[in-house]
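# Results of the structural survey
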Amino acid sequence: MGLCNSSLPQMGRPLRPQEKDVLKSPLIIFVMGGPGCGKGTQCKNMATKYGFCHVGLGQLLRQEAQRGTRRGRQIRDIMLQGLLVPTGVILDMVSDNLLSRPESRGFVIDGFPRELKQAKEFERIVGRAPNMVIVFDCSMETMVQRVLHRGQLEHRADDCEAAVRQRLDTHYSLCQPILTFYQQKNLLRSILAEEAPENIFAKCCSVIESLQ
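Computed from a predicted structure; not experimentally measured. (Residues numbered from 1 in each chain as written. Predicted model: local features only at pLDDT ≥ 70, side-chain atom pairs only at ≥ 80, totals over all residues. Heavy atoms only, no water.)

### A few points about the overall build of the protein
A count of helical and extended segments in the protein gives nine helices and five strands. Start at the N end of the protein and walk to the C end: the helices and strands fall as α-β-α-β-α-α-α-β-α-β-α-α-β-α. Here the C-alpha radius of gyration of the protein, 16 Å, is about what a compact globule of 212 residues would show, namely 17 Å. If you line up the protein on its principal axes, its C-alpha atoms span 40 × 40 × 30 Å. Taken over 212 residues, the protein has a buried fraction of 52%. Restricting the contact set of the protein to residue pairs at least 6 apart, pairs at least 24 apart contribute 79%. On the protein, the mean spot of the 28 positive side-chain charges and the mean spot of the 22 negative ones are 5 Å from each other. (Helix = DSSP H or I, 4+ residues; strand = E, 2+ residues; numbered from the N terminus. Rg over C-alpha atoms; globule rule 2.2 N^0.38 Å. Buried < 20%, exposed > 50% of the residue type's maximum accessible area, 1.4 Å probe, protein only. Contact = heavy atoms within 4.5 Å. Lys, Arg positive; Asp, Glu negative; His and termini not counted. Charge placed at Lys NZ, Arg CZ, Asp CG, Glu CD.)

### Here's the deal with the packing of helix α2 (residues 39–50) against helix α9 (residues 197–209)
Their axes nearest at 10 Å, the elements α2 and α9 cross at an angle of 50°. When the axes of α2 and α9 are compared, the pair comes out oblique. Handedness of the α2/α9 crossing: right-handed. Along the contact surface, α2 presents Gln42, Asn45, Met46, Lys49 and Tyr50, while α9 presents Pro197, Ile200, Phe201, Cys204, Cys205, Ile208 and Glu209. For the contact of α2 with α9, the per-class residue count stands at eight nonpolar, two polar and two charged. (Axes fitted to C-alpha atoms, helices over the stretch in contact; angles between N-to-C directions. Parallel < 35°, antiparallel > 145°, perpendicular 65-115°, else oblique. Left-handed = near helix turned anticlockwise from the far one by under 90°. Nonpolar A, V, L, I, M, F, W, Y, C, P; charged D, E, K, R; others polar.)

Right, dumping it as structure tokens:
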């Protein structure tokens, strides 16, 4: 199923009331899609255009994995197997990142949530749902080819083909319940991500501007 057994926490740290207050007003947009669908590039573009903070979950995890700490080594081992880092670690990273930028008018959170438990835990911990969830729709083969190309350019250890296919299998098996969860809340917006980057960005802008 793509989950892992480890001593890392499965539950996130509850936020204090004053911390929840900080996160009541900014726009919070989750951006989902498999590895290589182009969400990182589009999140950076959205953040630049609208003055939002871009929170890249994959980048946060890779930075943590490169540290020499016990937690960093555990995260690195999990990622190299193409498995999911436990929910508690993810939620703490996301909430700490948001709280470190209390002046921000909005956040684009890239690569989150990765399983339904994370979606529910976010609402429990932060005390609110996101304003919108954008999902990039892209074929598996397109994503595999894009990620392998990226791996060659950036020398990323988790971008070898076996790990990529494992990550995609994990993504697809865990993604559908999340999409259903947000569809029922009328928060889900799907964008076809096979087109040229500028066309995809234009669609992202239309979606964001519908919120404002």
